[in-house]
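Coordinate inspection notes
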Amino acid sequence: MEFILSKINIVVFLFLAAMHLYWVCNGQFGIAATIPTKLNGKRVFTPSRFGTFIVAVGLFLFALLNMVFDGLVQLPVASIYIGYGMWIIAAIFLLRFIGDFKYVGITKRFRKSVFARKDTYFFSPLCFFLFVSHILLLID
């Protein structure tokens, strides 16, 4: 199971990093459903290109950390630090799954927007999967 989970994590993170890079380059596909909106349709925030690039780099680093954990890539880093990194990734996705008690996650109150529906049926379950998969990899 460890083999499959780590590979799925790597593919998911690389895909998400590629999507963010696509948006940095002014790609429009899927962008409308990825930013939380208020009931009036206005975005809660407008991400900058630099911020989106930083998210892409972070997602790529998450993929790299999973590759190192899986043994696909060798880095001169003690395995304990790789483990800490995996715990941090798990914590990040647990927090994202829980949400902000307003617009994102399972605790969101605004549930009628396009983003909210995508979050309920896709984004939050994906975050929960990434949380659980990292925990399972760490306790195995």
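Below, the discussion takes up the side chain of S6. Counting through the fold element by element, S6 comes out in helix α1 (residues 2-24). Within the structure, the side chain of S6 is placed 3.1 Å from the side chain of D70, a separation counted as a polar contact. If near-sequence neighbours (up to four positions away) are discounted, S6 is found in contact with D70 and L137.

On to the packing of aromatic side chains. Tallied over the entire structure, the rule returns nine aromatic pairs. A ring pair is formed by F97 and F128, whose centres lie 4.8 Å apart and whose planes are at 40 degrees; its orientation type is tilted. One end of the pair, F97, is in helix α3 (residues 79-98); the other, F128, is in helix α4 (residues 114-139), with 31 residues separating them in the sequence. On the accessibility criterion, F97 (17% relative accessible area) is buried.

Overall, the coordinates contain three salt bridges when judged by the stated rule. Here D70 ties to K7 by a salt bridge, and the two come within 2.2 Å at their closest N and O atoms. Of this pair, D70 sits in helix α2 (residues 49-70) while K7 is found in helix α1, placing the two residues 63 residues apart along the sequence. Classification of K7 by relative accessible area gives partly exposed; the value is 23%. For D119, the salt bridge is made with R96, and the minimal N-O distance between the two is 2.5 Å. Remark: R96 occurs in helix α3 and D119 occurs in helix α4; sequence separation between them is 23 residues. Given the relative accessible area of 0%, D119 is considered buried. For R96, a relative accessible area of 23% corresponds to the partly exposed category. One salt-bridge network, in which partners are shared between bridges, spans R96, K108 and D119.

Counting 25 residues, the largest nonpolar core has F13, L59, F62, I89, F93 and L130 as its most contacted members. Broken down by secondary-structure element, the contributors of at least two residues to this core are α1, α2, α3 and α4. Looking at this core element by element, the count peaks at seven residues for α4. Ignoring sequence-local partners within four residues, the contact set of I89 consists of F13, F62, L65, N66 and H134.

Attention now moves to the environment of I35. Relative to the assigned elements, I35 resides in the loop between α1 and α2. Once the C-alpha coordinates of I35 and F115 are considered, the two residues, 80 residues apart in sequence, prove to be 6.3 Å apart. Contacts of I35, omitting those with residues within four sequence positions, involve R43, F45, P47 and F115.

The rules we used
Residues numbered from 1 in each chain as written. Predicted model: local features only at pLDDT ≥ 70, side-chain atom pairs only at ≥ 80, totals over all residues. Heavy atoms only, no water. Helix = DSSP H or I, 4+ residues; strand = E, 2+ residues; numbered from the N terminus. Polar contact = N/O pair within 3.5 Å; in protein donor to acceptor, adjacent residues only side chain to side chain. Contact = heavy atoms within 4.5 Å. Phe/Tyr/Trp six-rings, centres within 6.5 Å; stacked < 30°, edge-to-face > 60°. Buried < 20%, exposed > 50% of the residue type's maximum accessible area, 1.4 Å probe, protein only. Salt bridge = Lys/Arg side-chain N within 4 Å of Asp/Glu carboxyl O. Core = buried A, V, L, I, M, F, W, Y, C linked by side-chain atoms within 4.5 Å.

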